[in-house]
Amino acid sequence: MPPLFPALAARAERPALRFGDRTLTHAELADAAGSLAVRIAGARRIAVWATPTLGTAIGVVAALLAGVPVVPVNPRSGERELTHIVSDSAPELVVAEPGVVLPPALAALDRVDVEAGGTPPGMPTEPFPERDPESPALIVYTSGTTGPPKGAVLPRRALVATLDALEDAWQWTADDILVHALPLFHVHGLILGILGPLRRGGSVRHLGRFDTEGVTRELSSGATMLFGVPTMYHRIAEALPGDPALAKALSGARLLVSGSAALPVHDHQRIAAATGRRVIERYGMTETLMNTSVRADGEPRAGTVGVPLRGVGLRLVDESGDTIEAYDGETVGEIQVRGANLFTEYLNRPDATEAAFTDSWFRTGDMAIRDPDGYVRIVGRKATDLIKSGGYKIGAGEIENVLLEHPGVREAAVTGEPDADLGERIVAWIVPARSEAPPSAEELADHVAAQLAAHKRPRTVRYLDALPRNDMGKIIKRALHD
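Within any chain, residue numbers begin from 1 and follow the written order of that chain's sequence. Since the coordinates come from a predicted model, pLDDT governs what is reported: local features require at least 70, and pairs of side-chain atoms require 80 or more to be given and counted, while whole-chain, interface and lining totals use all residues. Only hydrogens and water are set aside when side-chain values are computed; all heavy atoms of the structure are taken into account.

Caption draft 1: Focus on the overall build of the chain. Secondary structure elements follow DSSP: runs of H or I no shorter than four residues count as helices, runs of E no shorter than two count as strands, and numbering proceeds from the N terminus. A count of helical and extended segments in the chain gives 15 helices and 26 strands. Restricting the calculation to C-alpha atoms gives the radius of gyration, and the globule rule supplies 2.2 Å times the number of residues raised to the power 0.38. The C-alpha atoms of the chain give 23 Å as radius of gyration, which agrees with the globular expectation for 482 residues (23 Å, within 12%). With the C-alpha coordinates aligned to their principal axes, the bounding extent of the chain is approximately 70 × 55 × 45 Å. Expressed as a percentage of the 482 residues in the chain, the buried residues total 55%. Contacts are assigned to residue pairs with any non-hydrogen atoms lying within 4.5 Å of each other. Of the contacts made within the chain by residues no fewer than 6 positions apart, 64% connect residues no fewer than 24 positions apart. Relative accessibility under 20% of the residue-type maximum defines a buried residue, over 50% an exposed one, and the middle range a partly exposed one, all with a 1.4 Å probe and only protein chains included.

Caption draft 2: Summary view of the pattern of salt bridges. A pair is scored as a salt bridge if a Lys or Arg side-chain nitrogen falls within 4 Å of a carboxyl oxygen belonging to Asp or Glu. All chains considered together, the criterion is met by 28 salt bridges. For Arg157, the salt bridge is made with Glu134, and the minimal N-O distance between the two is 2.9 Å. Placement of Arg157 in helix 6 (residues 156–170) and of Glu134 in the loop between strand 6 (110–113) and strand 7 (136–141) is noted, with a sequence separation of 23 residues between them. The exposure class assigned to Glu134 is partly exposed, which follows from its relative accessible area of 44%. Across the pair Arg270 and Glu238 runs a salt bridge, and its minimum N-O distance is 2.7 Å.

Caption draft 3: Structural detail: the sheet that holds strand 26 (residues 460–463). Think of it this way: DSSP has to see at least two bridges between two strands before they count as a pair. Ordered in space as 24-25-26, the three strands form an open sheet in which the pairing is mixed. The sheet is open, and its two edges are formed by strand 24 (409–419) and strand 26, each paired on a single side. Neighbour-to-neighbour, the strand axes of this sheet turn through a mean angle of 25°, independent of strand direction. The sheet contact formed by strand 24 and strand 25 (residues 423–432) spans ten bridges and is antiparallel. To define axes, lines are fitted to C-alpha atoms, for helices over the stretch in contact only, and angles between the resulting N-to-C directions are given on a 0 to 180 degree scale.

Caption draft 4: Just the sheet that holds strand 1 (residues 15–19), in detail. Strand order in the open sheet formed by nine strands is 2-1-10-9-11-12-13-14-15, and the pairing between neighbours is mixed. The open sheet is flanked by strand 2 (22–25) and strand 15 (307–308), the only strands paired with a single partner. In this structure, strand 9 (residues 177–180) lies alongside strand 11 (residues 225–228), joined through two bridges in parallel fashion. Within strand 11, the residue paired with Val179 across the bridge is Leu226. Sitting on the sheet, helix 7 (residues 187–200) is in contact with strand 1, strand 9, strand 10 (203–206), strand 11, strand 13 (280–285) and strand 14 (289–293), with an inclination near 160° to strand 9. Against the sheet, helix 9 (residues 230–239) contacts strand 11 and strand 12 (255–258), and its axis sits at roughly 115° relative to strand 11.

Caption draft 5: Molecular detail of the environment of Arg363. Among the secondary structure elements, Arg363 is positioned in strand 20 (residues 361–370). Classification of Arg363 by relative accessible area gives partly exposed; the value is 37%. With 206 residues separating them along the chain, Arg363 and Arg157 place their C-alpha atoms 20 Å apart. Among the polar contacts made by the side chain of Arg363, one reaches the main-chain carbonyl oxygen of Ala355 at a distance of 3.0 Å. Definition of a polar contact: a pair of N or O atoms within 3.5 Å, with one able to donate and the other able to accept a hydrogen when the atoms are protein atoms, and with sequence-neighbouring residues admitted only if both atoms are side-chain atoms.

Caption draft 6: Quick peek at helix 4 (residues 79–89). Here helix 4 has its buried residues at Leu82, Ile85, Val86, Asp88 and Ser89. Those residues of helix 4 that are buried are in contact with strand 3 (46–49), strand 4 (70–73), helix 5 (104–107) and strand 7.

Caption draft 7: Expanded view of the pairing of strand 7. Within strand 7, five of the six residues are buried, which leaves it mostly tucked inside the rest of the structure. Two strands pair when backbone bridges link them, and strand 7 and strand 8 (residues 151–155) are joined in this way by five bridges, in the antiparallel orientation. In the sheet register, Tyr141 faces strand 8, and the bridge partner there is Gly151.

Caption draft 8: Expanded view of helix 11 (residues 265–275). Looking only at helix 11, the buried set comprises Val265, Asp267, His268, Ile271, Ala272 and Thr275. Along the axis of helix 11, the buried positions cluster into a sector of 160°, meaning they face one direction only. Along its buried surface, helix 11 packs onto helix 9, helix 10 (244–251), strand 13 and helix 13 (396–404). Backbone geometry just downstream of helix 11 places Gly276 in the positive-phi region, at approximately 75°. Here, the arc refers to the directions that run from the helix axis to the C-beta atoms.

Caption draft 9: Spatial organisation of the packing of helix 6 against helix 7. In the contact formed by helix 6 and helix 7, the axes pass within 10 Å of each other and the chain directions differ by 75°. The angle between helix 6 and helix 7 places the two elements in the roughly perpendicular class. The segment helix 6 lies against helix 7, with Leu159, Val160, Thr162, Leu163, Asp164, Leu166, Glu167 and Trp170 engaging Ile191, Leu192, Leu195, Gly196, Arg199 and Arg200. Asp, Glu, Lys and Arg are counted as charged, while Ala, Val, Leu, Ile, Met, Phe, Trp, Tyr, Cys and Pro are counted as nonpolar; the rest, among them Gly, fall into the polar class. Classifying every residue of the contact of helix 6 with helix 7 gives eight nonpolar, two polar and four charged. Should an angle fall under 35 degrees it is called roughly parallel, over 145 degrees roughly antiparallel, and 65 to 115 degrees roughly perpendicular, with every other angle called oblique.

Caption draft 10: Summary view of the side chain of Ser89. One can find Ser89 in helix 4. Classification of Ser89 by relative accessible area gives buried; the value is 1%. Those residues within four positions of Ser89 in sequence are excluded, and the remaining contacts are Arg44, Arg45, Val71, Tyr141 and Leu347.

Caption draft 11: Quick peek at the nonpolar core. What we call a nonpolar core is a set of buried Ala, Val, Leu, Ile, Met, Phe, Trp, Tyr and Cys residues that are connected through their side-chain atoms within 4.5 Å. Formed by 108 residues in total, the largest nonpolar core has its most connected members in Trp170 and Leu195. Of the residues forming this core, the biggest block, nine residues, is contributed by helix 3 (residues 54–66). Beyond its immediate stretch of four places on either side in the chain, Trp170 contacts Leu192, Met225, Phe227, Arg254, Leu255, Val257, Ile280, Arg282, Ser293, Val294 and Ala296.

Caption draft 12: The environment of Pro104, seen in detail. In this structure, Pro104 sits in helix 5. By relative accessible area, Pro104 is classed as exposed at 72%. Put simply, Pro104 and Phe210 are 106 residues apart on the chain and 29 Å apart in space, counted from C-alpha to C-alpha.

Structure, rendered in structure tokens:
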């Protein structure tokens, strides 16, 4: 089988990873990861304390070389969540940067510190063999919105399928230099943001912590791609009017990619107006890796996540389980997917694994519509964002996008609440642009009704100082009602 990371196997001298002032070429990474792989080889499973550092990247690559399943652990996990993850995954040891103080749940494990400089000890005498494509590569824990986090077991073939499909969709090559500041304990930052450039033989520059100065610096000095989440792009959009250097840097990028949540249309428009570049969006999940994307050679249409990636089967299903054939931009259904990009199981949870599938189709819980040309528009989560009001099925996401276009709105979220007459009424949660002069509920309702159907207007408006969000910038809607 061909190697997972061809440039490492070939010991290429091109830069591979840069974190701050620490840089490794593909050859140096092969040495550092190979040395660590010798030390962890044979372990049943390991944890990596996933700080945004060079050591995390080396640790994950080493585990992949050695064929040892790796659990990336969020350093910001609370004690209860961390204890659950460690007891559920039962790693034999933990890999971390030297000097890092680990919490009690991990401190009890055997520890291996990452060496990333000098002549590494214990170099392998021959290359590690390529593993079975179905063998576990990573166990990534979900956010636990409906109970304790579940460990999604991602096989090696899922990594290959997604990263190679993105090579096709994004025209991703070894010449690309990616810049990002995403955390390294989840799919977006780790698999796409670190393993993606390594698979292509290119390089990644990690900012450590997001700021627009870092984005400007890296895109002005050779970087070609930027990955971010909507919160980051919102900050970019806010900074652009007073930062011509940032606008120039972004205008020179080959690809600007947003994911993990929907990027408001207003931010799309502001970035495009200031830079001439359009942000493209993609859609994926921990369990499925990437499902769709706007293609680099396609129309960068705001408010959509593009078309299914190569090798991904995607369908919309109605409440009775029937496939929705209409590509009419109106009919809402649940997204179900299948393909080599999918996980194999939830660790230790055969019941949850069985419940997640209908035949071979994974039930995402995301609701969407499809435009006539096949572009997918996500309108929300089935559990929290599908509102049934007055006999209509309404996606919260499209209302949120319209609300965000109002000049008096800084942030917006939409939910449903029980209503004796309508079944559910639409509630808008608004962070006003000016707290001293918020737009009225009537004004916002009229604004929505002018852009969408009248039955999609909010019946109740509640004003907040900020919306509750998780580490990835996703709005935690259950916290609104709490």
